[in-house]
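Listed here are the chains, written in short residue letters.
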Amino acid sequence: MRFRMPGALAALLLLAGAAAAEVPADYLRSLDAAAHENAAGFAGFSAARGAAWFASRHGTDWSCATCHTDNPLAGGRHATTGRSIAPLAPAANPERLSDTAKIEKWFKRNCTDVLGRACTPAEKGDVIAYLTSLKR
Amino acid sequence: MLDDRRRKWFDGIVWTAATVYIAMLVDTAQAADHRYPVDNATYQSECGSCHVAYPPALLGAGTWREIMRGLDRHFGTDASIGESAQAQIKAYLEAGAGRSRGEVPTLRISDAAWFRKEHDGITAATWKSSAVGSPANCGACHRQADRGDFDERSLRVPAKEVR
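Parameters at a glance
- Residues numbered from 1 in each chain as written.
- Chains lettered and ligands numbered in written order.
- Predicted model: local features only at pLDDT ≥ 70, side-chain atom pairs only at ≥ 80, totals over all residues.
- Heavy atoms only, no water.
- Core = buried A, V, L, I, M, F, W, Y, C linked by side-chain atoms within 4.5 Å.
- Buried < 20%, exposed > 50% of the residue type's maximum accessible area, 1.4 Å probe, protein only.
- Helix = DSSP H or I, 4+ residues; strand = E, 2+ residues; numbered from the N terminus.
- Contact = heavy atoms within 4.5 Å.
- Expected span 1.5 Å × (residues − 1).
- Polar contact = N/O pair within 3.5 Å; in protein donor to acceptor, adjacent residues only side chain to side chain.
- Domains from an automatic or database assignment.
- Disulfide = S-S within 2.5 Å.

If you look at the biggest cluster of nonpolar residues, it comprises 28 residues, and the most contacted ones within it are B:Y43, B:Y54, B:W64, B:I89 and B:L93. Of all the secondary-structure elements, those providing two or more residues to this core are α2 (41-47), α3 (61-69) and α4 (83-96) of chain B. Excluding residues within four positions of it along the chain, B:L93 makes contact with B:Y43, B:P56, B:W64 and B:M68. Ranked by size, the runner-up nonpolar core spans 23 residues in total, among them A:W53, A:L73, A:V127 and A:I128.

Taking 1.5 Å as the rise per residue, helix α5 (residues 100-115) of chain A with 16 residues should run 22 Å; its terminal C-alpha atoms sit 21 Å apart, in good agreement. Within α5(A), burial applies to A:I103, A:K105, A:F107, A:R109, A:C111, A:D113, A:V114 and A:L115. Next to the buried residues of α5(A) lie α2 (25-38), α3 (47-55), α4 (64-68) and α6 (121-133) of chain A together with α2 of chain B. The backbone nitrogen of A:A101 lies 3.1 Å from a side-chain oxygen of the residue at the head of α5(A), namely A:D99. Positive phi shows up at A:G116, right after α5(A), with a value of about 75°.

Here the focus is the domain arrangement of chain B. The domain boundaries assigned to chain B delineate domain 1 (1-32) and domain 2 (41-154). Each of domain 1 of chain B and domain 2 of chain B was reduced to a C-alpha centroid, and the two centroids are 30 Å apart.

This part covers the state of the cysteines. Within the structure shown, the criterion is met by one disulfide over all chains. Residue A:C111 pairs covalently with A:C119 via a disulfide, S to S 1.9 Å. Across the disulfide from A:C111 to A:C119, rotation about the S-S bond amounts to roughly -95°, and the bridge is consequently left-handed. Cysteine A:C67 remains unbridged, with the sulfur of B:C50 as its closest cysteine sulfur at 8.1 Å. Left unpaired, B:C138 is separated from the closest cysteine sulfur, that of B:C141, by 9.1 Å.

Okay, structure coming up:
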């Protein structure tokens with residue numbers, strides 16, 4: 001019989017990857033590097049800071065929580081169109097935060113709407129730390 | 001007797017007329033049972049995450065073109081998407097655009113004459129109720145709106161309840 005260990009191992013790794021979709025490590029590294037570059041004293045992302053930021057308005061009518069609610073483990077609703085929005089926390093919705101292009105697309109759109117400007121790397125890292133810290 | 005060139009010309013006119021006529025029949029048939037195809041995965045995922053993936057047939061091609069030109073200022077929000085998705089969705093919407101719908105200068109489906117006529121029985125209180133909230137929220141009453149099905153059989157207007 002032929003040795004099939006590599007195939008089995010690969011399948012196992014794939015399965016493990018699918019079950020626990022994570023924020024792409026290279027994306028987090030690039031946010032971290034950019035945050036360090038912007039502020040010399042940057043001491044890492046903070047879930048607590050991300051939570052406060054998520055709930056507060058930033059000079060507009062909306063906060064993140066306006067559509068995503070105060071509990072990102074639950075579903076939300078689009079403030080203008082009324083469309084239901086699936087939960088944002090990966091613990092409740094494993095698809096979330098697993099694809100760099102999608103994360104960046106939504107940051108671009110939603111930061112413009114909520115902050116009237118692009119989010120900084122530190123803000124992105126903080127809110128990701130907050131969302132991934134939430135457990136069911 | 002017709003010479004060859006004239007006959008070709010005549011054939012061309014007949015074919016064009018037949019195509020336009022069939023297209024109009026299809027439009028009418030769709031309008032009759034209020035079911036319109038929405039069958040593009042990119043369109044559904046990119047546009048359908050913030051609002052119902054409105055059937056392409058509900059607006060004219062020129063209106064869709066205008067909408068797709070200004071996604072970064074999309075009814076007060078930034079709805080920009082990647083270049084290839086943008087091109088693909090634009091082509092899809094233009095190809096499926098309603099031929100007999102006409103264009104809407106405000107770009108809003110809810111401002112189209114046919115929309116107003118179809119919804120003239122809906123009171124302001126219903127539009128503003130928490131269950132509906134906005135004319136953009138088709139799914140509040142048209143339970144199968146996500147599938148392009150606006151037939152009266154799947155229609156349920158929620159009880160009035162002012163927010």
